Structure formats: structure tokens, C-alpha cells
Amino acid sequence: MFKILEKDAAAHNVWRYVIAAPDVAKKAQPGQFVVLRLHERGERIPISISDWDREAGTITLIVQAVGHTTRQLAEMNAGDQILDLLGPLGKPAVIEPVGTVACIAGGVGTAIIYPEVRRHWEVGNRVLTLIGARSREHLFYQEELAAFSDRVLVATDDGSYGSQGLVTDLLHQLIADGTQLHQVAAVGPIPMMKAVSEITKEHGIKTIVSLNPVMVDGTGMCGACRVRVGDEIKFCCTDGPEFDAHQVDFASLLRRSQIYARSEVDSNSAEMVEAGCDGQCHK
Ligand SMILES: Cc1cc2nc3c(=O)[nH]c(=O)nc-3n(C[C@H](O)[C@H](O)[C@H](O)COP(=O)(O)OP(=O)(O)OC[C@H]3O[C@@H](n4cnc5c(N)ncnc54)[C@H](O)[C@@H]3O)c2cc1C
Ligand code: FES
């Protein structure tokens, strides 16, 4: 059992949990995730390790309530116990000194990119962090990201904070201003990562995306998370979740995510409407 030590609201419909998980905290690296199961009859869901404290033996998860399990988790509080929590899973992000890096996040991708921003900063890269959200109330982690970024730029769909528009508009602007980017990291809804990838491909900028397909076992056994990368089929849970964006087949990834969205929409429609989620993203 894994005890929830703290729970608070990070943003609209997004919750931050500090969980006692000493073995996970000991080994966690940026880019990795856990698979958790709330109770005996619960399904397993993957959630990125957004932060950790090796001494305290805790990890931090940021979770948007989009469906059955994440809504059940949203009802849990400090003092409650999670039945299983397996991790850290996935390959750690490869982060090296390269120069100037743009770390781009959409929606709950902000939680996933945070440890990567911090590691880029630690290895001496110049870090430009670009955040996109539906509106001001969906934003979180700005101060935390600012602590490890040379600049944080924000775009909201409705213009309620930062500039109005998409996070890709910020990327276009940076490039138009003559900023030389040596690498880009992007995490968020599939269409957003695809758009970032198209822009950076045109400019020849190496780009890493962290993919979040539906997963079942999280250990490479079921094939649910398969994704085409270049000429190969990869399993996101064991080969990823990070891949070279310019090699990812976003069209098939999007198609597969829509198949799952359709099969789940009946049981989740009310929750998704409330969360403002279209089944392809965590916004
Ligand atoms: C490696 C990885 C890391 C992740 N990290 C985080 C994180 O840090 N915080 C967070 O809030 N979420 C994260 N997710 C997404 C999270 O796993 C899903 O939101 C969760 O599994 C949904 O479960 P549910 O039972 O609540 O929803 P369900 O009832 O299963 O589904 C509700 C709706 O959400 C859609 N959905 C389900 N899984 C996904 C998914 N993986 N991506 C997009 N849409 C999905 C379904 O198609 C459906 O339309 C991550 C996913 C992966 C693969
Ligand atoms: S989740 Fe089963 S193979 Fe990746």
C-alpha cells in the first residue's frame, strides 16, 4: 500500500499528490512514470513522476481527472492508500549539454516536462519553457518552472494569461526572432506534439516528444501502447515514452487514441465534459 501524504488542487480539475513510495523515489529519473492501481478491482493507469524527494521517500504525481480511475483518484485524500504503485517505468530522458533548449508543454504535459526542465537547467543548458493551456485556471507549476528556466512563455486559448493563441505560436515567434534552438522537448496532446514536430523538422531542430498512448500492463507484455517510430514498431512503455519526434507516426497514434476514446466515451462522457477533454488530450 502507498499512502497519500498530501493532496491539493494544482489547477482546474488537476490534483497534486505527494505519495510515500521510497523505492520509486530512490530511482526516479526525468521522463519516467509509474503504473498505479487504486484498489483490487481497479484498472492500471500510467502517470508520470513529476517530482521526487529521495530523502523523504516521496514522489509527486499531478493528475487530471478525465475518466473512471482518475476521477476515483480525485476523490481520494491525504491519509488514503493506493493499492499498487509500480515504477519507475520507462526509459529515463536523455538530457545532455547541447546549448539552448525549448521545453514545450500543453495541458497536464506541464507536470511531465517539469523534471526535464530542471535537468536541462542542471546540465547547463539555456532553458526556454513554453506552456500552453486552455485558460488561466488550467495553468500550474509556473513558479516551479521559472526557477529552472531562463524564460517562461505562456499562451492561453482564450488570452486570459500570457499571449492568446497556441503554444506553437510561441515557438514560431521564438524562431522568427532569430533564437537559435539546439533541441526541443515537447509533451502534450498528440496534435500539439505533431504540430511542434512539423515546425522543428522544417528548421532542422532535433526534437524529443514524450508519448502518452493508452497503456494496460506498462511492462511490454500486452502491446496496447505500440507506436510506429521510423520503420519500427515500438512499445511506448518499455522503449519510450520519449522518442525522436521526426520519426513518430503521429497519424496512426492519433487514430489509435481515437479508437480508445470511442470505446470509453459512454462511461466517461459526463466526466469528460466536466474536464473539458476531447479524449485526445488532458486539457
Ligand atoms: C507514460 C504516460 C504518462 C502519463 N502521465 C500522466 C500524468 O502525469 N498526469 C495525467 O493526468 N495523466 C497522465 N497520463 C494519462 C493518464 O494515464 C490517463 O489520463 C488515464 O489513464 C485515464 O484513465 P481513466 O480511467 O481516468 O480514464 P478512462 O476512463 O480510461 O478514459 C477517459 C478518457 O481519457 C482518454 N484517455 C485514457 N488514457 C489516455 C491517455 N494515455 N492519453 C490520452 N487520453 C487518454 C480515454 O480515451 C477516454 O476518452 C499519462 C499517460 C501515459 C501513457
Ligand atoms: S502497455 Fe502493454 S506493452 Fe506497453
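Note that the structure is a prediction, hence the values are computed from the model and not measured.

J.: Where do I start with the pairing of strand 15 (residues 226–229) in this structure?
T.: It is a general feature of regular strands that their side chains alternate between the two faces of the sheet. Judged by which residues are buried, strand 15 turns out to be one-sided: Val227 and Val229 face inward and are buried, whereas Arg226 and Arg228, on the alternate face, are not. Following strand 15, the chain reverses through two residues before pairing antiparallel with strand 16 (residues 232–235); Gly230 in that reversal takes a positive phi of roughly 60°.

J.: Could you clarify how one ought to interpret the sheet that holds strand 8 (residues 84–89) in this entry?
T.: Across a sheet, strands are paired by hydrogen bonds formed along the backbone, either parallel or antiparallel in direction. Taken in spatial order, the three strands of this open sheet run 4-3-8, and their pairing is antiparallel. Two strands bound the open sheet, and with one partner strand each, they are strand 4 (45–48) and strand 8. The mean inter-strand angle of the sheet, taken between neighbouring strand axes irrespective of direction, is 25°. Where strand 3 (residues 33–37) lies against strand 8, four bridges are found, and the strand directions are antiparallel.

J.: What is the right way to read the nonpolar core from this model?
T.: Ala102 and Ile104 are the most contacted members of the largest nonpolar core, which has 84 residues in total. Residue contributions to this core peak at six residues, all from helix 3 (residues 109–122). When residues of this core are sorted by domain, at least three fall in each of domain 1 (2–89) and domain 2 (100–253). Discounting residues that sit within four places of it in the chain, Ile104 has contacts with Leu130, Val167, Leu171, Val184, Ala185, Ala186 and Val196.

J.: Just to check I follow, could you spell out the packing of helix 5 (residues 167–176) against helix 6 (residues 190–203) for this structure?
T.: For any two helices packed against each other, the geometry is given by the interaxial angle and the distance between the axes. Across the interface, helix 5 lies against helix 6 with an axial gap of 10 Å and an inter-helix angle of 15°. Classified by the angle between their axes, helix 5 and helix 6 sit roughly parallel to one another. Where helix 5 crosses over helix 6, the handedness of that crossing is right-handed. Packed against helix 5, whose contacting residues are Val167, Thr168, Leu171, His172 and Ile175, the element helix 6 presents Met192, Ala195, Val196, Ile199 and His203 at the interface. In terms of residue class, the contact of helix 5 with helix 6 is built from seven nonpolar, three polar and no charged.

J.: What should I look at first to understand unusual backbone geometry in this one?
T.: Leaving glycine out, the prevailing phi sign among residues is negative, and the prevailing peptide bond configuration is trans. For the bond from Gly87 to Pro88, the omega torsion is 0°, close enough to zero to count as cis. By secondary structure assignment, the location of Pro88 is in strand 8. Looking along the chain, the bond that leaves Gly240 and enters Pro241 is cis, with omega of 15°. Summarising the element assignment, Pro241 is placed in the loop between helix 7 (236–239) and strand 17 (242–244). With a phi close to 65°, Asn13 is a non-glycine residue in the positive phi region. Here Asn13 shows up in the loop between strand 1 (2–11) and strand 2 (14–20). Phi at Tyr141 is positive, roughly 70°, even though this residue is not glycine. With respect to the element layout, Tyr141 can be found in the loop between strand 10 (126–133) and helix 4 (142–146). The class of Tyr141 is buried, set by 23 C-beta atoms lying within 10 Å.

Definitions and cut-offs
Residues numbered from 1 in each chain as written. Chains lettered and ligands numbered in written order. Predicted model: local features only at pLDDT ≥ 70, side-chain atom pairs only at ≥ 80, totals over all residues. Buried ≥ 20, exposed ≤ 12 C-beta atoms within 10 Å, placed from the backbone. Helix = DSSP H or I, 4+ residues; strand = E, 2+ residues; numbered from the N terminus. Pairing = 2+ DSSP bridges. Axes fitted to C-alpha atoms, helices over the stretch in contact; angles between N-to-C directions. Core = buried A, V, L, I, M, F, W, Y, C linked by C-beta atoms within 7 Å. Domains from an automatic or database assignment. Contact = placed C-beta atoms within 7 Å. Parallel < 35°, antiparallel > 145°, perpendicular 65-115°, else oblique. Left-handed = near helix turned anticlockwise from the far one by under 90°. Nonpolar A, V, L, I, M, F, W, Y, C, P; charged D, E, K, R; others polar.

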